[in-house]
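Chain by chain, the residues:
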Amino acid sequence: MARPAAAVIADEERLPFFLAADDAKAAAENWYRWLAKEKRFSRHTLRAYGQDLAGFFTFLSEHLGGAASLEDLRGLRLSDFRAYSSHRRKDGLEATSLARNLSAVRSFFRRLQRDGQVDTAAISLLRSPKRPHSVPKPLSVPAAQEMIDTAEDFATEPWLQARDAAILTLLWGAGLRLGEALGLNGSDVPKGDSLTVTGKGNKQRLVPILPVVRQAIAEYVKLCPWPIASGTPLFYGARGKRLDPAIVQKAMRNARRALNLPETATPHALRHSFATHLLAAGGDLRTIQELLGHASLATTQRYTEVDAEALLRVYGGAHPRARAGA
């Protein structure tokens, strides 16, 4: 007897039970596996997104009078998503939790659209609730992930979407400054677990590169219509010249407005988030300073006895995108 679709997902990665038609359930399970295997969400974030989507389908079963199918999802309007948001507010959900809740729903519908199963613009018109003004500069792990996903949606062509995703993943996943990322050349395409970056004062540092960062860059390189080789830019603008920082800043601005994030949610905030998330997960502060390029590797090694292997081990074990088998 064949195992049901949900059974192929590991127990810790299984969607909570929810009421939906078989085709919608299969699509949700595919989305959940994608978050775990491709996006490499941490177990905590994965569980939260699963619970959020399950809650959305529970609402739909009452709102539509039955288990929602893909055909039902295709027919949803802005008023339906607003009704869901209002329903969750009445449940007492705070603005920050509701924003994450809606992020999960948006992520699901974006995946459906990319798979050609559902094409609805209504969810993109729904604004997230305003978050408290006390939101700190660094983004939370879910907010950083959602920021990257949302920013690429504003690009007009697949290669531009892949480019924006690659750049922002590089800023968050490796802690680069925007200028450092845009200064990379075709010869800098990472092929191993590290990348040599030239920072301020022409100082070079070795930055470990997670598989998710390497994959995002490889996807962009595959789609880019311009030559990527030694001596050419790595990241191109639409007209074939080295990408202007203003284009990346605009993508982030569009995304933060869609997600109602504070004005401090800039490309540089992803670099701050890199450091904050590593530190919160137990990374060594001086090691993180070295990764950010605030001191030379030689000086850091002399005072903290951190060698290159230890630096890679701390980085790979602490950064949230290194989890789930990265």
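On a predicted model such as this, the values are computed, not experimentally measured, just so you know.

Engineer: Sorry if this is basic, but what is going on with the overall build of the protein here?
Structural biologist: Across its full length, the protein carries 15 helices and two strands. When burial is assessed residue by residue, the protein has 49% of its 326 residues classed as buried. Look at the contacts in the protein between residues 6 or more apart in sequence, and 66% of them connect residues 24 or more apart. Taken as a whole, the protein presents about 15700 Å² of accessible surface, with 50% of it coming from carbon and sulfur.

Engineer: Got a minute to help me understand the nonpolar core in this structure?
Structural biologist: Looking at soluble globular proteins, one finds that nonpolar side chains tend to be buried together. Membership of the largest hydrophobic core comes to 50 residues, with the highest contact counts inside it found for Leu170, Leu176, Tyr220 and Phe235. For this core, the elements supplying multiple residues, two or more each, are helix H7 (141-153), helix H8 (158-174), helix H9 (178-182), strand S1 (194-198), helix H10 (211-223), helix H11 (245-259) and helix H12 (267-280). If you tally residues by element for this core, the top one is H8, at 10 residues. Those residues in contact with Tyr220 that sit more than four places away from it in its chain are Trp159, Ala162, Arg163, Ala166, Ile228, Leu234, Phe235 and Tyr236.

Engineer: So what exactly am I meant to see when it comes to H7 here?
Structural biologist: An α-helix turns once every 3.6 residues. As a result, residues three or four positions apart point the same way. Counted at 1.5 Å a residue, the expected span for H7 with its 13 residues is 18 Å, and the 19 Å between its end C-alpha atoms agrees. For H7, a buried count of 11 out of 13 residues is recorded, marking the element as mostly surrounded by other parts of the structure. All of the buried residues along H7 are Val141, Ala143, Ala144, Gln145, Glu146, Met147, Ile148, Asp149, Thr150, Ala151 and Glu152.

Engineer: Help me understand H8, please; the structure alone is not making it clear to me.
Structural biologist: An ideal rise of 1.5 Å per residue puts 24 Å on 17 residues; H8 measures up with 23 Å between its terminal C-alpha atoms. H8 sits mainly inside the fold: 15 of its 17 residues count as buried. At the C-terminal side of H8, Gly175 shows a positive phi close to 75°.

Engineer: Can you help me understand a positive patch on the surface in this one?
Structural biologist: A surface patch of positive charge is lined by Arg127, Lys250, Arg253 and Arg257. Looking at the secondary structure, you find Arg127 in the loop between helix H6 (122-125) and H7. Arg127 gets classed as exposed once you look at its relative accessible area, which sits at 53%.

Engineer: Looking at this structure, how should I read the packing of helix H2 (residues 43-63) against helix H5 (residues 95-114)?
Structural biologist: Helix packing for two helices is described by the angle between their axes and how far apart those axes are. Contact geometry of H2 with H5 gives a least axis separation of 9 Å together with a crossing angle of 80°. As summarised for this structure, H2 and H5 are arranged roughly perpendicular, according to the angle between their axes. Residues Ala48, Tyr49, Asp52, Leu53, Phe56 and Phe57 of H2 lie in contact with H5, whose contacting residues are Arg100, Asn101, Ser103, Ala104, Val105, Ser107, Phe108 and Phe109. Residues that form the contact of H2 with H5 fall into these classes: nine nonpolar, three polar and two charged.

Cut-offs and rules
Residues numbered from 1 in each chain as written. Predicted model: local features only at pLDDT ≥ 70, side-chain atom pairs only at ≥ 80, totals over all residues. Heavy atoms only, no water. Helix = DSSP H or I, 4+ residues; strand = E, 2+ residues; numbered from the N terminus. Buried < 20%, exposed > 50% of the residue type's maximum accessible area, 1.4 Å probe, protein only. Contact = heavy atoms within 4.5 Å. Areas by Shrake-Rupley, 256 points an atom, 1.4 Å probe, with all protein chains shown as cover. Core = buried A, V, L, I, M, F, W, Y, C linked by side-chain atoms within 4.5 Å. Expected span 1.5 Å × (residues − 1). Patch = residues over 30% accessible without salt bridge, like charges linked within 9 Å, V, L, I, M, F, W, Y side chains within 5 Å. Salt bridge = Lys/Arg side-chain N within 4 Å of Asp/Glu carboxyl O. Lys, Arg positive; Asp, Glu negative; His and termini not counted. Charge placed at Lys NZ, Arg CZ, Asp CG, Glu CD. Axes fitted to C-alpha atoms, helices over the stretch in contact; angles between N-to-C directions. Parallel < 35°, antiparallel > 145°, perpendicular 65-115°, else oblique. Nonpolar A, V, L, I, M, F, W, Y, C, P; charged D, E, K, R; others polar.

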